[in-house]
Every structure is written in C-alpha cells, then in structure tokens.
Amino acid sequence: MTRTTRLRERIRRTSEAFAGTYQRRSPAVLRISVGVLFLWFGMLKFSPAMSPAEDIAIHAMSVMTFDTVPPEASRPLLAVMEVGIGLGLVTGVLLRLALTVFFVHMTGVFATLVLLPDEVWSTTPFVPTMDGQYIIKNIVLIAACLTVATAHVQVRTSPDDAPAEAPVIPAQSGDRSAPPRPVGAGTSVR
C-alpha cells in the first residue's frame, strides 16, 4: 500500500468517524445554535434601538394585536419571549414549551410578510427589502427547529413507551403448516 493510499484511507476513516459522531449530535448542535441566536437577539431587544429588527417587530405586533399592546410594551415582551425560547433551546429545559413558543413566534414573524407588505417587499411579492430578507432567512431556523423537535420526539419514545405486541395464537384445526397469527382487532383469543 502506497503512502498516498494510506493517507486517503486515513482521511476516509476520519471523515466517516466525524460524520457518524456529528450526525448523532446534530440535533443538539442545531438546538443550541438556534438557542444562542435567540438569546443574543432577545437580549438586544431589552435595550431600545439596539435590535435592527426592533421597528418592524413592534409595528407588526401592533398590527397583529389591533393596537391593544402598546409599542413601549412590545419590545420587552418580544425580548422576554425570545430570551425564553433561547434559554429553553440552549439548556433543553422545558424544550417542548420552548419549541411551541418558537413556532408560534415564527407564525407571527411570517405573518409580517402579508400584514406589512410595504415594509418587507420592494417589488411585491418577490423582491424583499432588508427587513423582508431578515424575516425570510428564518426558514432555516424553522428547518433547524423541526429537526430538533423530531429528534426530541424520537428520543422520548423508548421501548417502554412502545405499544405491547399482539399476542400470538396457534393455527386453528390441526393445520400445522399455517404460521401462528397475531391477535388483531375483531379477533379473539380462544
């Protein structure tokens, strides 16, 4: 085996090992990275004029709540929501709640594309403004959180949670060639 062949084989084994390890950990990596983004952007909203999305977020919340939430309350409410989502994702504590709030939040974020067309589209509907681009990029965050949510469901489903297998009854009337049949709906064990 030549030196080049050995090197290629070592690179292949190393990349396969990395891929296998990362694949097992990728839901956690996505969960934590999206959580860090939400913590970061949520913290910015605690200080007036720090978040680049503050104006459109406050305007959208006013429209969605029919002006029942005053603008001075919108920013801290959004900040608390985003920091809560971030903490839930980073720590994994109350993850189901954090994901639920995340998806509700994303529904509101994407509603902005329809509710505030003059602010998010420079040419309706396919050329977004900078605010529109800021909203549309959340498609990636949604995909990441869908991966996190489905991995969370798979992890929570253990063998103890699985339904019991149907009991097996022997073949009827002396026919030894027929395989045993599981008991199903409408079948009784004799």
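As a reminder, the structure under discussion sits directly above these lines.
Residues numbered from 1 in each chain as written. Predicted model: local features only at pLDDT ≥ 70, side-chain atom pairs only at ≥ 80, totals over all residues. Heavy atoms only, no water.

Observations regarding the packing of helix α2 (residues 54-64) against helix α4 (residues 95-115)
Two packed helices can be described by the angle between their axes and the distance between those axes.
1) Next: At a minimum axis separation of 10 Å, α2 and α4 run at an interaxial angle of 80°. In terms of orientation, α2 lies roughly perpendicular with respect to α4. Where α2 approaches α4, its residues I56, A60, V63 and M64 are matched on the opposing element by G108, A111, T112 and L115.
2) Next: Across the contact of α2 with α4, the residue classes break down as 6 nonpolar, 2 polar and no charged. (Axes fitted to C-alpha atoms, helices over the stretch in contact; angles between N-to-C directions. Helix = DSSP H or I, 4+ residues; strand = E, 2+ residues; numbered from the N terminus. Parallel < 35°, antiparallel > 145°, perpendicular 65-115°, else oblique. Contact = heavy atoms within 4.5 Å. Nonpolar A, V, L, I, M, F, W, Y, C, P; charged D, E, K, R; others polar.)

A closer look at the nonpolar core
1) Next: Counting residues in hydrophobic clusters, the biggest one holds 22 residues, and the most contacted among them are V34, F38, L89, L99 and F102.
2) Next: For this core, the leading source of residues is α4, giving 6 residues.
3) Next: For L99, the residues in contact, after removing those within four places along its chain, are L89, C145, V148 and A149. (Core = buried A, V, L, I, M, F, W, Y, C linked by side-chain atoms within 4.5 Å. Buried < 20%, exposed > 50% of the residue type's maximum accessible area, 1.4 Å probe, protein only.)

Here we look at the side chain of S51
1) Next: Along the chain, S51 falls in the loop between α1 (3-44) and α2.
2) Next: Given a relative accessible area of 8%, S51 falls into the buried group.
3) Next: Once residues within four sequence positions are removed from consideration, S51 is found in contact with L44 and K45.

Comments concerning the pattern of salt bridges
1) Next: Applying the stated rule across the entire model yields 5 salt bridges.
2) Next: Taking the shortest distance from any N to any O, the salt bridge between R12 and E16 comes out at 2.8 Å. Note that R12 and E16 are positioned in helix α1 at a spacing of 4 residues, about one turn of the helix.
3) Next: Close ionic contact of R75 with E54 constitutes a salt bridge, the shortest N to O distance being 3.9 Å. Here R75 is found in helix α3 (residues 71-91), whereas its partner E54 is found in helix α2, with 21 residues between them in sequence. (Salt bridge = Lys/Arg side-chain N within 4 Å of Asp/Glu carboxyl O.)

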